[in-house]
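Now for the letters of each chain:
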Amino acid sequence: IHQYPIGPELKNRVSGSMYEPGSTFKLITMAAALHENIITPDSTHNNPGEMEYGGLEFKNWDEKTYPNQTMTSVLQHSSNTGSIFVADKLGPQKFYQYVNKFGFGEPTGIEGVGEETGILRGYGDPDWYRPDLASNSFGQGIMVTPIQMAAAIGAIANDGILMAPRIARTLTHADGRVEQLDPSAVRRVIRKESAQTLIQMMEAAEHELSSNLARVPGYRTAGKTGTAQIAEHGTYTDAAVIASYVGFGPLERPQVLALVIIEKPQKETYGALVASPIFAEIMRPIFSHLKIPQRASTT
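Summary of the structure given here. (Residues numbered from 1 in each chain as written. Predicted model: local features only at pLDDT ≥ 70, side-chain atom pairs only at ≥ 80, totals over all residues. Heavy atoms only, no water.)

### Some thoughts on the side chain of Gln148
Phase 1 of the analysis: Within the secondary structure, Gln148 is located in helix α7 (residues 146-157).
Phase 2 of the analysis: For Gln148, a relative accessible area of 2% translates into the label buried.
Phase 3 of the analysis: Polar contacts involving the side chain of Gln148 include one to the main-chain carbonyl oxygen of Thr117, which spans 2.9 Å.
Phase 4 of the analysis: Among the polar contacts made by the side chain of Gln148, one reaches the main-chain amide nitrogen of Thr145 at a distance of 3.0 Å.
Phase 5 of the analysis: Those residues in contact with Gln148 that sit more than four places away from it in its chain are Gly103, Phe104, Gly105, Glu106, Thr108, Glu116, Thr117 and Gly118. (Helix = DSSP H or I, 4+ residues; strand = E, 2+ residues; numbered from the N terminus. Buried < 20%, exposed > 50% of the residue type's maximum accessible area, 1.4 Å probe, protein only. Polar contact = N/O pair within 3.5 Å; in protein donor to acceptor, adjacent residues only side chain to side chain. Contact = heavy atoms within 4.5 Å.)

Okay, structure coming up:
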């Protein structure tokens, strides 16, 4: 069997391209710590807005310090140093254990060709060093595929169970036989209670943002923004970023998840400004198509 490289015109970017997820990955860090009972939504930290970890300097996107910041506030303000606090309490062994359990670093098995596995330096790898734990906790220095990210956040929406992503519900064979492709669970990643707590934190964090452009009037949704610098010639620059937003709803019974990724946006750079509005535009007609009733009390 000869293996031929797949050209960019044939590559499915959902499964065959990789990117650094940025702050959307904070949901993975937070989910692991909740499951391990290391934090609660009201746990606090006092890491400054700029700090040293493992010999490298890290800072929040706004460079602000939030004294006695709760874990819900870490999500609300997308605090990098708050995420480092959580990952440090987890420790590298447990942190990467959950990264793997959520499906990163391995193929999802989705139908098609050319699926990438992502790039991850795990604890114990020869080239891993302590600052990796800090940067990976907020989604830098790790490469994932969009389908891996969507499946992982889908596990949170699905009460902690990671599902195998599929392209179709049925498969019609050449002889006319129709095969039903039933949903298939990969494994339980976190407890149902941990998943529901994290969803509540996500919703509360977004509720506090008056500028939340991902809000879908009439429906309860939850999600997380991401803004990751793109490494060019081995160096991260502010000139090139990937802006993203991942979310799901309605929260009473999640049925739809959307991941929006904008590579090198021009007018704005932050996921909150670039990707969030697209999420709302996507979800609104889908909810309508699925005939999901609106909640009269929700704006």
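### Looking at the environment of Asp125
Phase 1 of the analysis: The residue Asp125 is located in the loop between α5 (92-101) and α6 (131-137) in this model.
Phase 2 of the analysis: Within polar-contact distance, the side chain of Asp125 engages the backbone nitrogen of Gly122 at 2.7 Å.

### Some thoughts on helix α8 (residues 192-207)
Phase 1 of the analysis: An ideal rise of 1.5 Å per residue puts 22 Å on 16 residues; α8 measures up with 22 Å between its terminal C-alpha atoms.
Phase 2 of the analysis: Taken together, the buried positions of α8 are occupied by Ser194, Ala195, Leu198, Ile199, Met201, Met202, Ala205 and Glu206. Taken down its axis, α8 places every buried residue within 160 degrees of arc, on the same side. Seen from the buried face of α8, the exposed residues on the opposite side, beyond 90 degrees, are Glu193, Gln200 and His207. (Expected span 1.5 Å × (residues − 1). Arc of directions from axis to C-beta.)

### Describing helix α2 (residues 26-35)
Phase 1 of the analysis: Extensive coverage of α2 is indicated by the burial of 10 of its 10 residues.
Phase 2 of the analysis: When α2 is considered as a whole, its buried residues turn out to be Lys26, Leu27, Ile28, Thr29, Met30, Ala31, Ala32, Ala33, Leu34 and His35.
Phase 3 of the analysis: Following α2 by one or two positions, Asn37 adopts a phi angle in the positive range, close to 60 degrees.

### Quick notes on the nonpolar core
Phase 1 of the analysis: With 56 residues, the main nonpolar core has Met30, Phe102, Phe104 and Leu198 as its most contacted residues.
Phase 2 of the analysis: Filtering out sequence-adjacent residues up to four positions away, Phe102 remains in contact with Ile28, Ala31, Ala152, Ala155, Ile156, Leu162, Val189 and Ile190.
Phase 3 of the analysis: Among the nonpolar cores identified, the runner-up in size contains 13 residues, and Ala214, Val256, Ala275 and Phe279 belong to it. (Core = buried A, V, L, I, M, F, W, Y, C linked by side-chain atoms within 4.5 Å.)

### Some points on the packing of α2 against α8
Phase 1 of the analysis: Running from amino to carboxyl end, α2 crosses α8 at an angle of 135 degrees, the nearest separation of the two axes being 9 Å. Judged on the interaxial angle alone, α8 and α2 are oblique. In this structure, α2 meets α8 at a crossing whose hand is right-handed. Every residue of α8 that contacts α2 at Leu27, Met30, Ala31, Leu34 and His35 is listed here: Ser194, Thr197, Leu198, Met201 and Met202.
Phase 2 of the analysis: In terms of residue class, the contact of α2 with α8 is made up of 7 nonpolar, 3 polar and no charged. (Axes fitted to C-alpha atoms, helices over the stretch in contact; angles between N-to-C directions. Parallel < 35°, antiparallel > 145°, perpendicular 65-115°, else oblique. Left-handed = near helix turned anticlockwise from the far one by under 90°. Nonpolar A, V, L, I, M, F, W, Y, C, P; charged D, E, K, R; others polar.)

### What about the pattern of salt bridges?
Phase 1 of the analysis: Taken as a whole and judged by the stated rule, the model has 10 salt bridges.
Phase 2 of the analysis: Glu263 is the partner of Arg13 in a salt bridge, and the nearest nitrogen-oxygen pair spans 3.0 Å. In this pair, Arg13 sits in helix α1 (residues 13-16) while Glu263 sits in strand β11 (residues 256-263), placing the two residues 250 residues apart along the sequence.
Phase 3 of the analysis: A salt bridge links Arg220 to Glu203, with the nearest nitrogen and oxygen atoms 2.8 Å apart. Taken together, the residues span a long stretch of sequence, with Arg220 in the loop between α8 and β9 (222-232) and Glu203 in helix α8 at a distance of 17 residues.
Phase 4 of the analysis: Bridged by salt links that share partners, the residues Glu203, Arg220, Glu252 and Arg295 form one connected network. (Salt bridge = Lys/Arg side-chain N within 4 Å of Asp/Glu carboxyl O.)

### A look at unusual backbone geometry
Phase 1 of the analysis: Of note, the bond from Gly249 into Pro250 is cis; its omega dihedral lies within 30 degrees of zero at -10 degrees.
Phase 2 of the analysis: Summarising the element assignment, Pro250 is placed in the loop between β10 (235-249) and β11.
Phase 3 of the analysis: The backbone of Asn68 sits at a positive phi, close to 50 degrees, despite the residue not being glycine.
Phase 4 of the analysis: As for its position among the elements, Asn68 is in the loop between β3 (56-59) and β4 (69-70).
Phase 5 of the analysis: Phi at Lys264 takes a positive value of approximately 55 degrees, unusual for a residue other than glycine.
Phase 6 of the analysis: Considering the arrangement of structural elements, one finds Lys264 in the loop between β11 and α9 (271-274).

### Describing the environment of Glu36
Phase 1 of the analysis: Tracing the backbone through its elements, the reader meets Glu36 in the loop between α2 and β1 (44-45).
Phase 2 of the analysis: Assessed through its relative accessible area of 25%, Glu36 is described here as partly exposed.
Phase 3 of the analysis: In the structure, Glu36 is positioned 191 residues away from Thr227 in sequence and 27 Å away in space, judged by C-alpha atoms.
Phase 4 of the analysis: Leaving out residues up to four positions away in the same chain, Glu36 has contacts with Leu90, Lys94 and Tyr98.

Geometric values such as these leave the question of function open.
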